[in-house]
Amino acid sequence: MVGESARELAQRLTAAEGAVALASLAPRSTDEWVALAWALKDDCQVAWNEEPPRTQRCADVVEALLQRVAHPEIEAAAAWCRGSALLALGQTEDAMVRLDEAHRCLQALGQGQR
């Protein structure tokens, strides 16, 4: 990603109104969008430990990314992030549905867990 790593971009997008900022990004290759989705998933995992409310922003951004770029890996990352955000809110049953969805997506891709 020109001048900015996927991780740096993910952190910037989840710092504020990321879903809005995502819409203003220039087009990128599919591989770059997928890398961004996984960086958002990683940021979501860090947020779970350090700043649980940020998990919601991570989920919002990666779901907005999925709307922009339909890709099975982005779908898996979106489900994982939403599941984590729901866990942070104490909605365990709904979280497990989304985390199971993420697992199924990854299995279909032959990736198991990522």
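What you see is a predicted model; the values in this text were computed from it and never measured.

(A) Molecular detail of the overall build of the chain. For the chain, the count of helices and strands is six helices and zero strands. When the helices and strands of the chain are placed in sequence order, the string is α-α-α-α-α-α. Compactness check: the chain gives a C-alpha radius of gyration of 13 Å against a globular reference of 13 Å for 114 residues, within 12% of the reference. Referenced to the eigenvectors of the C-alpha coordinate spread, the extents of the chain come out at roughly 40 × 30 × 20 Å. Counting every position in the chain, which comprises 114 residues, the buried fraction comes to 39%. At a minimum sequence separation of 6, the contacts of the chain that also span at least 24 residues come to 58%. Carbon and sulfur atoms provide 51% of the accessible area of the chain, an area that totals close to 6100 Å². Distance from the positive charge centre (11 side chains) to the negative charge centre (17 side chains) of the chain: 2 Å.

(B) Highlighting the nonpolar core. By size, the foremost hydrophobic cluster in this structure holds 28 residues, and its most contacted members are Leu22, Trp33, Leu36 and Leu65. Those elements giving two or more residues to this core turn out to be helix 1 (6-13), helix 3 (30-50), helix 4 (54-68), helix 5 (72-88) and helix 6 (92-108). When residues of this core are assigned to their parent elements, the largest contribution, eight residues, is made by helix 3.

Conventions and cut-offs
- Residues numbered from 1 in each chain as written.
- Predicted model: local features only at pLDDT ≥ 70, side-chain atom pairs only at ≥ 80, totals over all residues.
- Heavy atoms only, no water.
- Helix = DSSP H or I, 4+ residues; strand = E, 2+ residues; numbered from the N terminus.
- Rg over C-alpha atoms; globule rule 2.2 N^0.38 Å.
- Buried < 20%, exposed > 50% of the residue type's maximum accessible area, 1.4 Å probe, protein only.
- Contact = heavy atoms within 4.5 Å.
- Areas by Shrake-Rupley, 256 points an atom, 1.4 Å probe, with all protein chains shown as cover.
- Lys, Arg positive; Asp, Glu negative; His and termini not counted.
- Charge placed at Lys NZ, Arg CZ, Asp CG, Glu CD.
- Core = buried A, V, L, I, M, F, W, Y, C linked by side-chain atoms within 4.5 Å.

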